[in-house]
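Each chain, letter by letter, is given below.
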Amino acid sequence: MARTIELKDGKTQRKFTIRKMGAYQAESWIIRASLACGRGGDITKLFSGDKTAIVETLLHVRYEDAKPLLDELLECVYLVNGEELTQLNEQTAAVIESPMTLMRLRIESVKENFGFFTDGKDFGSLTGLASVPSANA
């Protein structure tokens with residue numbers, strides 16, 4: 001699945017496509033983000049239901065821990081240029097005029113990849129699994 005958005009980047013109107021991570025990559029991202037936030041941020045806000053809370057929480061984590069996670073969010077974004085799609089990363093994002101555009105794209109990537117956390121119940125339901133006895137107990 002993918003979603004296309006248009007944003008004003010400085011003086012330029014740009015079109016982007018945001019693709020979802022696969023389930024394995026998304027799970028890995030969630031675990032790494034949770035571990036990083038547990039060291040330096042408020043993990044309770046991470047999946048509070050606020051779609052921007054993930055990025056905001058990562059901004060309270062050491063840069064060295066947050067950068068790979070933020071970069072991975074950006075790599076879900078593709079710049080649309082006619083029929084050509086260019087995946088954004090540290091090198092290809094040089095065409096972007098405003099740093100606020102990059103942050104907005106990361107937030108849009110969070111919405112596309114982790115929108116199922118919007119009510120906060122999905123993640124909360126997982127935390128109860130650790131206390132449920134297994135069938136073998």
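From a predicted model like this one, the values you see are computed outputs, not experimental measurements.

Caption draft 1: Quick peek at the sheet that holds strand β3 (residues 77-81). Spatially, β1-β2-β3-β4 is the arrangement adopted by the four strands of the open sheet, whose pairing is antiparallel. Edge positions in the sheet fall to β1 (2-9) and β4 (84-87), since each of these pairs with one other strand and no more. Each adjacent strand pair in this sheet contributes to an overall mean axis angle of 35°, direction not counted. Judged from the four bridges that link them, β3 and β4 form a sheet pairing that is antiparallel.

Caption draft 2: Structural context of the side chain of Asn113. Relative to the helices and strands, Asn113 resides in helix α5 (residues 99-114). Note on Asn113: relative accessible area 6%, which makes it buried. Excluding residues that lie within four positions of it along the chain, Asn113 makes contacts with Arg19, Lys20, Met21 and Cys76.

Caption draft 3: Spotlight on the packing of aromatic side chains. Enumeration over the complete set of coordinates arrives at one aromatic pair. Positioned over the ring face of Tyr78 is Arg19, at 4.4 Å from the centre of the ring.

Caption draft 4: View of helix α4 (residues 63-74). Relative to the 16 Å expected for 12 residues at 1.5 Å per residue, α4 spans 16 Å between its end C-alpha atoms, a close match to the ideal helical length. Within α4 the residues assigned to the buried category are Asp65, Ala66, Leu69, Leu70, Glu72, Leu73 and Leu74.

Caption draft 5: Structural detail: the packing of α4 against α5. Two elements in contact, α4 and α5, have axes whose closest approach is 8 Å; the angle formed by their N-to-C orientations is 80°. Put simply, α4 runs roughly perpendicular to α5. Contacts from Leu70, Asp71, Leu73 and Leu74 of α4 reach α5 at Leu102, Leu105, Arg106, Ser109, Val110 and Phe114. Here the residues of the contact of α4 with α5 are counted per class, giving seven nonpolar, one polar and two charged.

Caption draft 6: The arrangement of the pairing of strand β2 (residues 12-19) in detail. Of the strand pairs in this sheet, β1 and β2 are connected by eight bridges, and their pairing is antiparallel. Within β2, the position partnered with Arg3 by the bridge is Ile18. Counting the residues between successive antiparallel strands, the hairpin from β1 to β2 contains two residues, one of them, Gly10, with a positive phi of roughly 65°. Here β2 pairs with β3 via four bridges, running antiparallel. Following the sheet pairing, Lys15 is matched in β3 by Val80.

Caption draft 7: Geometry of the side chain of Asp9. With respect to the helices and strands, Asp9 occurs in strand β1. Looking at Asp9, the relative accessible area reads 0%, which means it is buried. At a separation of 2.9 Å, a polar atom in the side chain of Asp9 contacts the main-chain amide nitrogen of Ser98. Those residues in contact with Asp9, other than ones at most four positions away along the chain, are Arg14, Val95, Ile96, Glu97, Ser98 and Thr101.

Caption draft 8: Broad picture of α5. Helix length check: α5, at 16 residues, gives a terminal C-alpha distance of 22 Å against a target of 22 Å (1.5 Å per residue), a fit within 8%. Taken as a whole, α5 has its buried residues at Thr101, Leu102, Leu105, Arg106, Ile107, Glu108, Ser109, Val110, Glu112, Asn113 and Phe114.

The rules we used
Numbering of residues starts from 1 in every chain and runs along the sequence as written. Totals for whole chains, interfaces and linings use all residues, but because this is a predicted model, local features are given only for residues with pLDDT of at least 70 and pairs of side-chain atoms are given and counted only at 80 or more. Just so you know, side-chain values use all the structure's heavy atoms and leave hydrogens and water out. Between any two strands, at least two bridges found by DSSP are needed for them to pair. By definition, any uninterrupted DSSP run of H or I lasting at least four residues is a helix, any uninterrupted run of E lasting at least two residues is a strand, and each is numbered from the N terminus. Orientation is described by lines fitted to C-alpha atoms, with helices fitted over the stretch in contact, and by angles between N-to-C directions that extend from 0 to 180 degrees. Burial classification: accessible surface area is computed with a 1.4 Å probe over protein chains only, and a residue below 20% of its type maximum counts as buried, one above 50% as exposed, and the rest as partly exposed. The contact criterion used is simple: two residues touch if any of their non-hydrogen atoms lie within 4.5 Å. Classification of ring pairs uses Phe, Tyr and Trp, with its six-membered ring standing for Trp, and accepts pairs whose centres are within 6.5 Å; under 30 degrees between planes counts as stacked, over 60 as edge-to-face, and the remaining range as tilted. Placement of a charge over a ring requires the Lys NZ or Arg CZ to be within 6 Å of the ring centre, with the centre-to-atom vector within 35 degrees of the ring normal. The span one expects for a helix is its residue count, reduced by one, times 1.5 Å. For classification purposes, an angle smaller than 35 degrees is called roughly parallel, one larger than 145 roughly antiparallel, one from 65 to 115 roughly perpendicular, and anything else oblique. In this classification, the charged set is Asp, Glu, Lys and Arg, the nonpolar set is Ala, Val, Leu, Ile, Met, Phe, Trp, Tyr, Cys and Pro, and all remaining amino acids, among them Gly, are polar. Counting of polar contacts relies on pairs of N or O atoms within 3.5 Å, with two restrictions inside protein: one atom must be capable of donating a hydrogen and the other of accepting it, and residues adjacent in sequence are counted only when both atoms are side-chain atoms.

Geometric values such as these leave the question of function open.
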